[in-house]
Amino acid sequence: MLSLVPKKPNRYSLSEAIHADVSRCLYEAFSSKDGLLSNVDRWTQRKVTMENLAKIELALESDDPVEYCYQNLIREIDTEAETGIYLVRESSPVPSLRRLFDEPGISGELHRKVADIAPKLFADALAHSDDQLDLVWVTIRARYDRAHVDAQISRIIMGFLMDDAEIAQDMANAVRALMYSFHENATRRQCDLPLQLNERETRELVLMVSELEKRAGNYVERVGEISSRADT
């Protein structure tokens, strides 16, 4: 497991730099034609913005800013992977999804199995979809887009705090590889699809993910903390 050494930077100059990059990331997310966040209402855009700006303040106030962000990153990528597994493919326009193609346990083929998976995992959306599974895909992409933006912002903040954006990206890549493999394996088992991993590989993966989840702490408490700060 990574051992992170937090830095105690000049709070105000660092905060300004982080805010500038985070604001740029959010603007791109809300204006991009490739994602669904551009279609959400202004209230939702404001909520996403305020919660991610709150993460900056809470990180800088914490005793261990880098660890605080890393915990957020683990949770956010875990959430992202739940639906991101259906979007992984070699031709994906999203670099992080393209990078996952052919990682151990990640097939890049689940998008072809959504019709088989939907009755069990997306029953509500399926009930209101046509033969093309339109609402199922809207649900998948909307959940992915929100979690991916949150994870991007945690990675940006970490990069500033560590004074090394490349290391922060490497850490995000490592967490993604584990979480996407874990969620694909769980989905294949739940939906009786052929497995990518054998029993030994599955046990090792579950152990590594459980260690990350322990490190991340209580998801509900952290989300509540962020939401509370965003509302003030």
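Residues numbered from 1 in each chain as written. Predicted model: local features only at pLDDT ≥ 70, side-chain atom pairs only at ≥ 80, totals over all residues. Heavy atoms only, no water.

Looking now at the confidence of the model for the chain. Counting all residues, the mean pLDDT for the chain is 92, and 94% of those residues have values of 70 or more. No element of the chain has a lower mean pLDDT than helix α1 (residues 11-31), which averages 90, and none a higher one than helix α8 (residues 165-190), which averages 98. Below pLDDT 50 for its whole length, residues 5-9 participates in 11 contacts with residues either more than four positions away or in separate chains. (pLDDT = per-residue confidence, 0-100. Helix = DSSP H or I, 4+ residues; strand = E, 2+ residues; numbered from the N terminus. Contact = heavy atoms within 4.5 Å.)

Formed by 65 residues in total, the largest nonpolar core has its most connected members in V22, I157 and Y180. In this structure, I157 is in contact with I18, V22, K55, I56, A59 and C69, ignoring residues within four places of it in sequence. (Core = buried A, V, L, I, M, F, W, Y, C linked by side-chain atoms within 4.5 Å. Buried < 20%, exposed > 50% of the residue type's maximum accessible area, 1.4 Å probe, protein only.)

Their axes nearest at 8 Å, the elements helix α2 (residues 42-61) and helix α10 (residues 219-231) cross at an angle of 105°. Here α2 is positioned roughly perpendicular relative to α10, judged by the angle of their axes. Counting all contacts with α2, which are made through M50, E51, A54, K55, E57, L58 and E61, the residues of α10 involved are E225, I226, S227, R229 and A230. Residues that form the contact of α2 with α10 fall into these classes: 5 nonpolar, 1 polar and 6 charged. (Axes fitted to C-alpha atoms, helices over the stretch in contact; angles between N-to-C directions. Parallel < 35°, antiparallel > 145°, perpendicular 65-115°, else oblique. Nonpolar A, V, L, I, M, F, W, Y, C, P; charged D, E, K, R; others polar.)

In this structure the tally under the stated criterion is 16 salt bridges. For E67, the salt bridge is made with R215, and the minimal N-O distance between the two is 2.8 Å. Residue E67 is located in helix α3 (residues 65-84), and its partner R215 is located in helix α9 (residues 199-216); the two are separated by 148 residues in the primary sequence. A residue is classified by how much of its surface remains accessible, and E67, at 14% relative accessible area, is buried. (Salt bridge = Lys/Arg side-chain N within 4 Å of Asp/Glu carboxyl O.)

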